[in-house]
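What the coordinates show
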Amino acid sequence: MHVTCEVVGEETHDLELESGATYGDVLDAVGLSSHEASVLVDGSPVPEDRMVDAESVRVLRLIKGG
């Protein structure tokens, strides 16, 4: 399954995920955890254990170093 993942304020990733992948797997694929980022589908956060059902997602980092 192909998913385009935009990490807000950073870069966009083209991901190839296994069938049955979750939004937690999307975070893993871009090197983030659910403790530091949320996946948004159509502007709304989705649970990390939900199966991916969108072709395009945005990842919003909740914590940024400083």
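Presented here is a report on the structure given in the accompanying data block. (Residues numbered from 1 in each chain as written. Predicted model: local features only at pLDDT ≥ 70, side-chain atom pairs only at ≥ 80, totals over all residues. Heavy atoms only, no water.)

Judged by pairing direction, the sheet is mixed, and its five strands sit side by side in the order β2-β1-β5-β3-β4 without closing on themselves. The open sheet terminates on both sides in strands that have one partner only, identified here as β2 (12–16) and β4 (44–46). Neighbour-to-neighbour, the strand axes of the sheet open up by a mean angle of 35°, direction not taken into account. Relative to β4, strand β3 (residues 37–41) is paired through three bridges, and the arrangement is antiparallel. Looking at β4, one finds that L40 is bridged to P45. (Pairing = 2+ DSSP bridges. Helix = DSSP H or I, 4+ residues; strand = E, 2+ residues; numbered from the N terminus. Axes fitted to C-alpha atoms, helices over the stretch in contact; angles between N-to-C directions.)

Attention now goes to the nonpolar core. Grouped together as the largest cluster of nonpolar side chains are 19 residues, with contacts concentrated most on Y23, V26, V57 and V59. Elements with a contribution of two residues or more to this core: β1 (2–7), α1 (23–29), β3 and β5 (56–61). Residues within four places of V57 in sequence aside, it is in contact with V3, T4, C5, E6, Y23, V26, V39, L40 and V41. (Core = buried A, V, L, I, M, F, W, Y, C linked by side-chain atoms within 4.5 Å. Buried < 20%, exposed > 50% of the residue type's maximum accessible area, 1.4 Å probe, protein only. Contact = heavy atoms within 4.5 Å.)

So far we have only geometry, and geometry alone does not tell us how the molecule works.
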